[in-house]
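Coordinate inspection notes
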Amino acid sequence: MADDDSSEFQAGQSGLIVKVPEAEPAVRAWRDRLDPSARAGVPAHVTVLFPFLDESRIDSDTCAAIGGVIGRHRPFEVRFEHCGQFPGILYLVPEPDVPFRRLTEAIADRWPETPPFGGRFDDVVPHLTIAQGQDGAVLEEADAGLRGRLPITAHVSSVDLMVHDGTRWQQRASFALR
């Protein structure tokens, strides 16, 4: 979920993600080695919004509100055919990315105090991270290693709330798209 080192994860942090279990066979070994969030318990995913509310602010009313926002969106199919890169980051590109953008916008509009990635980026690009904080040679190696495992097709029907317990990320709730 974060875009650097797992040492920045703190107890009580939360995030909303779309799990992509269909990608696990292709990406797990790379993510376990090259993505700190994988080592901290986050499965293959596309982030909807991180950081989200502190866990102390998430109660049954908050969960009902999240469910209401997510429930206004329909399930969809997504395909990952190739990798993209940000500086030091390799990721799978979701196509289409518009449904992810709409989910992010809807949550950020409802909770404007939680801008995506803390407001650090003008354009939030949906992606499934494979490697973070790596040099170009490592990113190229992972990219080449994934090419033969693509495309990956996935069905998106829910968004999960993940909370960091101080050591690992844990799923706290799941919200269905309708």
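Preceding block: the structure.
Reference entry: report on the structure contained in this document.

How each quantity is defined
Residues numbered from 1 in each chain as written. Predicted model: local features only at pLDDT ≥ 70, side-chain atom pairs only at ≥ 80, totals over all residues. Heavy atoms only, no water. Helix = DSSP H or I, 4+ residues; strand = E, 2+ residues; numbered from the N terminus. Rg over C-alpha atoms; globule rule 2.2 N^0.38 Å. Buried < 20%, exposed > 50% of the residue type's maximum accessible area, 1.4 Å probe, protein only. Contact = heavy atoms within 4.5 Å. Areas by Shrake-Rupley, 256 points an atom, 1.4 Å probe, with all protein chains shown as cover. Lys, Arg positive; Asp, Glu negative; His and termini not counted. Charge placed at Lys NZ, Arg CZ, Asp CG, Glu CD. Axes fitted to C-alpha atoms, helices over the stretch in contact; angles between N-to-C directions. Parallel < 35°, antiparallel > 145°, perpendicular 65-115°, else oblique. Left-handed = near helix turned anticlockwise from the far one by under 90°. Polar contact = N/O pair within 3.5 Å; in protein donor to acceptor, adjacent residues only side chain to side chain. Salt bridge = Lys/Arg side-chain N within 4 Å of Asp/Glu carboxyl O.

This part covers the overall build of the chain. Check the secondary structure of the chain and you find 5 helices and 8 strands. Ordered by position from the N terminus, the helices and strands of the chain form the series β-α-α-β-α-β-β-α-β-α-β-β-β. Taking 16 Å as the expected radius of gyration for a compact globule of 178 residues, we find that the chain reaches 15 Å, a close match to that expectation. By the burial criterion, 52% of the 178 residues in the chain qualify as buried. Pairs at least 24 apart in sequence give 77% of the contacts found in the chain among residues at least 6 apart. Accessible surface computed for the chain: about 8,200 Å², of which carbon and sulfur atoms make up 47%. Across the chain, 18 positive and 27 negative side-chain charges occur, with their mean positions spaced 5 Å apart.

What follows covers the packing of helix 1 (residues 24-34) against helix 5 (residues 136-147). For the pair helix 1 and helix 5, interaxial distance at closest approach is 10 Å and the crossing angle is 165°. On the basis of the axis angle, helix 1 is roughly antiparallel to helix 5. Taken as a pair, helix 1 and helix 5 cross one another with a handedness that is right-handed. Taken together, the residues of helix 5 that come into contact with helix 1 (itself represented by Ala26, Val27, Trp30, Arg33 and Leu34) are Val138, Glu141, Ala142, Gly145 and Leu146.

Turning next to the side chain of Thr104. Note that Thr104 resides in helix 4 (residues 98-110). For Thr104, a relative accessible area of 8% corresponds to the buried category. Among the polar contacts made by the side chain of Thr104, one reaches the main-chain carbonyl oxygen of Val48 at a distance of 2.6 Å. Those residues within four positions of Thr104 in sequence are excluded, and the remaining contacts are Thr47, Val48, Leu49 and Pro116.

Enumeration over the complete set of coordinates arrives at 10 salt bridges. Residues Lys19 and Asp160 are paired through a salt bridge, measuring 3.9 Å at the closest nitrogen-oxygen approach. Here the residue Lys19 occupies a position in strand 1 (residues 14-19), and Asp160 occupies one in strand 7 (residues 158-164), the gap between them amounting to 141 residues. For Asp160, a relative accessible area of 4% corresponds to the buried category. Between Arg79 and Glu81 there is a salt bridge, with its nearest N and O atoms 2.6 Å apart. Note on Glu81: relative accessible area 40%, which makes it partly exposed. Taken together, the shared-partner salt bridges in this structure form one network comprising Asp97, Arg101 and Asp123.

Right, let's talk about unusual backbone geometry for a bit. Here Phe50 and Pro51 are connected by a cis peptide whose omega angle stands at -10°. By secondary structure assignment, the location of Pro51 is in the loop between strand 2 (45-49) and helix 3 (60-70). Backbone torsion omega between Glu95 and Pro96 reads 0°, so that peptide bond is classified as cis. Position of Pro96 among the secondary structure elements: in the loop between strand 4 (89-95) and helix 4.

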